[in-house]
Amino acid sequence: MCKSVITPSIEEMKHLQIPLEDISLATNGFADQNLLAEGGFGKVYKGVSDEHGEIAVKRLDHGRGQGDHQFNMEIALLPKYVHENIVSLCGFCDEDVEKILVYKYESNGSLDRHLNNQDLTWIQRLRICLGAAHGLSHVHDNDGSQRGIFHRDVKSANILLDEKWTAKISDFGLSRVGLDNTQSSYVISSVCGTRRYIAPEYYADGYLTEKADVYSFGVVLLEVMCGRHVVDSSYTDDRRSLINLAQKHYKKGTLDSIIPSYLQKQMKPASLHAFAHIAGQCLKNAEERPSMKQVVEHLRKVFHLQESNRVPLSIEEVKQLQQIPLQEILSSTNGFAHENIIGSGRSGNGKLYKGISKKHGPITLRRLDRGLGNLEFMTQIAYRADRKHESVAPFLGYCDEGGEKIFVYKDECNKTLDERLGCTVFSFFERVKIGRDVARGIKYLHDCDDIYHIINRPFDSSNIFLDKDLKPKLFDFGLISSIFPSNMRSNSVTAFGAPECIHPDNFSNGNLTDKFAVFSLGDVLWTLLCGNHFDPQSLHNLVREHYQNQTLDRIIPSYLFKQMNKDSFATYSSIAYRCLNDEEERPTLREVEEQLQKAFDQQLLNH
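Residues numbered from 1 in each chain as written. Predicted model: local features only at pLDDT ≥ 70, side-chain atom pairs only at ≥ 80, totals over all residues. Heavy atoms only, no water.

A.B. asks: So what's going on with the pattern of salt bridges? Residues and values would help.
C.D. replies: Tallying each qualifying case throughout the model produces 18 salt bridges. Between R367 and E404 there is a salt bridge; the shortest N-O distance is 2.7 Å. Residue R367 is located in strand β14 (residues 361-368), and its partner E404 is located in strand β16 (residues 404-410); the two are separated by 37 residues in the primary sequence. The exposure class of R367 is partly exposed, given its relative accessible area of 25%. Here R578 makes a salt bridge to E591, at a shortest N to O gap of 2.8 Å. (Salt bridge = Lys/Arg side-chain N within 4 Å of Asp/Glu carboxyl O. Helix = DSSP H or I, 4+ residues; strand = E, 2+ residues; numbered from the N terminus. Buried < 20%, exposed > 50% of the residue type's maximum accessible area, 1.4 Å probe, protein only.)

A.B. asks: Summarise the side chain of T209; cite the residues concerned and give the values.
C.D. replies: Mapped onto the fold, T209 is located in the loop between β11 (207-208) and α5 (210-226). Its relative accessible area of 12% is what places T209 among the buried residues. For T209, the side chain forms a polar contact with the main-chain nitrogen of K211, separated by 3.1 Å. (Polar contact = N/O pair within 3.5 Å; in protein donor to acceptor, adjacent residues only side chain to side chain.)

A.B. asks: Could you give me a rundown of the sheet that holds strand β15 (residues 395-401), with the residues and numbers involved?
C.D. replies: Read across the sheet, 5 strands follow the order β12-β13-β14-β16-β15 without closing on themselves; strand pairing throughout is antiparallel. Bordering the open sheet on either side are β12 (341-343) and β15, each of which pairs with just one other strand. For this sheet, the mean inter-axis angle between neighbouring strands, taken without regard to orientation, is 30°. Here β14 pairs with β16 via 5 bridges, running antiparallel. Residue pairing across strands places L365 opposite V408, the latter belonging to β16. (Pairing = 2+ DSSP bridges. Axes fitted to C-alpha atoms, helices over the stretch in contact; angles between N-to-C directions.)

A.B. asks: Can you break down the pairing of strand β19 (residues 464-467) residue by residue, with the values?
C.D. replies: Both faces of β19 are covered, namely the face carrying I464 and L466 and the face carrying F465 and D467. By the bridge criterion, 3 bridges tie β19 to strand β20 (residues 472-474) in an arrangement that is antiparallel. By the bridge assignment for β20, F465 is matched with K473. Here β19 folds back onto β20, and the loop between the two strands holds 4 residues, one of which, L470, carries a positive phi near 65°.

A.B. asks: How would you summarise the packing of aromatic side chains if you had to cite specific residues and measurements?
C.D. replies: Using the criterion set out here, one finds 10 aromatic pairs in the structure. Here W122 and F275 contribute two aromatic rings whose centre-to-centre distance is 5.0 Å and whose plane-to-plane angle is 65°, an arrangement assigned as edge-to-face. Here the residue W122 occupies a position in helix α3 (residues 122-141), and F275 occupies one in helix α8 (residues 269-282), the gap between them amounting to 153 residues. Each member of the pair, W122 as well as F275, is classed as buried. Measuring from ring centre to ring centre gives 6.0 Å for F395 and Y409, while their planes differ by 75°; the resulting arrangement is edge-to-face. (Phe/Tyr/Trp six-rings, centres within 6.5 Å; stacked < 30°, edge-to-face > 60°.)

A.B. asks: Please provide a residue-by-residue account of empty space enclosed by the protein, values included.
C.D. replies: Throughout the structure, instances matching the rule amount to 3 cavities of 30 Å³ or more. Taken as a whole, the largest cavity spans an internal volume of roughly 70 Å³. Looking at the lining of the largest cavity, the element that brings in the most residues is α5, giving 3 residues. In terms of residue class, the lining of the largest cavity is built from 8 nonpolar, 2 polar and 3 charged. (1 Å grid on protein atoms, 1.4 Å probe; cavity = no way out; pocket = protein on both sides within 12 Å on 5 of 7 lines; lining within 4 Å. Points joined across faces, edges and corners; volume = space filled by probe spheres on them. Nonpolar A, V, L, I, M, F, W, Y, C, P; charged D, E, K, R; others polar.)

So this is what it looks like as structure tokens:
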């Protein structure tokens, strides 16, 4: 809805007036040696005031008659929106023909001057982004105590940095004030701002909301991440910009190719991945963009990911992990011979091969389908290297050579659970034990530390290997999972994998939670009981029908019933059945593990 513009009054700000004589004295008569910058509305000088200490003086260009509205706007707004991450207005001068704004001097200047500063670390950059986001969130919402405002010129040149590198949002001269504490919008006939930072809907149609600032901030995030300006002389085509490059490489998973090496050495893949994600969200269509409050929350998580000692690997450290030459892999697998294939899985992540390496002995490897980007690949490697559990396959190394992307595991395994079920007679006790251990492994991947958990995408018995002692080993938990901070327990991401292993609710809306893994785990538990000769969807329907009618003996091999402790079977079948319920009715992974342990203990009486 279009709303009228509020014209701010500065009458109540008279106490902030500073005599022209005092300002001239502080800047040595606006001496050239005190000049800091020159912009569209005039020049900025450094000065020293007896009352305010070091100051930055913006002297508007009265010769061109510019800046009256901007001058009045800053005087009216800044004293009301006091915040650690907003520049401080010391006062103003409106004397003779001079219109001057006086700010606290921020010793490290503007962010745009430091984008390619190799001494500015990734952690410092994250702090700056988080601080700037706090400042913008404050003026957008202001806790309901003031009217929200739209900045309209968010860019790295308007983010100042103090002596501690704290970010300060500056230059509110182009801002518009909302009419109330609810979301408001304007249709602007004269669009203002800096071209490459302006949101498309605002530039094309003059439609202004707080989401225009979010778009501009997304551009700043790209600049900080890539260590370069949104428009750079290195771009060969004037129509291209950092936005185009970043979006292209983000889709391909090759963001690392446009990030300076000095930053890559510090970045942890998950931190970069999460940072790039929120930057991309900011650049979406207006209705899909997050609010600045949501941006703040996401950047907090990004910062937490980078600082945590629980995730020690940077991008460069990942590259230094065990790299296995492609030639060694080719020799080990007879050139990826057909007879060396041991599985592909219903989740479609590429073929699994067995091999014998002269250096590493028996190995199992996943040869990934083409199309996985470098950043995604490195993120997956980092998590494989850091995850060690008796129910998770030991990660040996990787190959990234000749267009191939391959994960290599130490071969402690025999065949997949899917294959073994078709040719081996397992006792009920063995099946309960396998199910319990699979649940333990899945739960470990979700709860192994307080920084991350892994939301498993669709998995089935083809993603589980059994060693010679019938202990299950989870393979491919990275590729069939999405990795998120532990306090992001519900994430809307694209669900992929075997459709028959996805609950309809998840398949339709792409929402992945811990309960999503519980559904897939239920699929494995019933496959253990009934065998792998059923189509998954058919099995689910049969289970629901026969469980409710108490006729499960019709779909479970008769020899198993002769072995079962009735209490154990009741416990196992009850928790397995609940795993297939609608999301809100499914048990937690902890409850599944506890109930399977109970079923195991009960079956011990008959073993």
